[in-house]
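Okay, here's what each chain looks like letter by letter:
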Amino acid sequence: MQRDPIAAVRLDILSPQHFADWRDRRLETVSNASVRREWNILPSAMNIAVREWEWISKNPLPKVTKPPPTKARERLITQDEIDQVLYAAGDNYDNLISRAGLAFLFAIETGMRAGEIAGLRKVDIDLSQRVAHLPETKNGTYKKHPSVH
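The rules behind the values
Residues numbered from 1 in each chain as written. Predicted model: local features only at pLDDT ≥ 70, side-chain atom pairs only at ≥ 80, totals over all residues. Heavy atoms only, no water. Salt bridge = Lys/Arg side-chain N within 4 Å of Asp/Glu carboxyl O. Buried < 20%, exposed > 50% of the residue type's maximum accessible area, 1.4 Å probe, protein only. Axes fitted to C-alpha atoms, helices over the stretch in contact; angles between N-to-C directions. Helix = DSSP H or I, 4+ residues; strand = E, 2+ residues; numbered from the N terminus. Parallel < 35°, antiparallel > 145°, perpendicular 65-115°, else oblique. Left-handed = near helix turned anticlockwise from the far one by under 90°. Contact = heavy atoms within 4.5 Å. Nonpolar A, V, L, I, M, F, W, Y, C, P; charged D, E, K, R; others polar.

Draft legend 1. View of the pattern of salt bridges. Scanning all chains against the criterion turns up 7 salt bridges. The closest approach of N and O atoms between Arg10 and Asp12, which form a salt bridge, is 2.8 Å. In this pair, the class of Arg10 matches that of Asp12, namely exposed. Where Glu81 meets Arg75, a salt bridge forms, and the shortest distance between an N and an O atom there is 2.3 Å. Among the residues examined, Glu81 registers a relative accessible area of 26% and is labelled partly exposed.

Draft legend 2. Structural detail: the packing of helix 1 (residues 16-27) against helix 2 (residues 32-39). For the pair helix 1 and helix 2, interaxial distance at closest approach is 9 Å and the crossing angle is 140 degrees. When the axes of helix 1 and helix 2 are compared, the pair comes out oblique. As for how helix 1 packs across helix 2, the hand of that crossing is right-handed. Residues Trp22, Arg23, Arg26 and Leu27 of helix 1 form the contact with helix 2, whose participating residues are Asn32, Val35, Glu38 and Trp39. Across the contact of helix 1 with helix 2, the residue classes break down as 4 nonpolar, 1 polar and 3 charged.

If you want it as structure tokens, here you go:
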């Protein structure tokens, strides 16, 4: 945002139109999802400027329309694509690329996110039951996933 013209606008004159113009400029170069992610920090920043710092009297953002969310992806990876990735990764497991290929396969088989996989500890895995216990997940719920051979 520092490179955008909105950065030069004084807070006391910042209006919904400034944010709408920023949104429209961003949408010319990035997707709705990207603008929505960037947008996520703005309400908090503006509310702090109003309530805690008293730099402005009211938050102009509620009057500005966020870009609509993008459609959820429905495409699934094909077995041929999986095979290509695993072939490219190789099977020398002393090599980080090969181990990344295994992590890729593990993620596909379990539905786990990268951070969940990276956060696994030995104590979280029961090989006899082929289960991984995830005490913390991205959405804050408890999950069990079957492990991969």
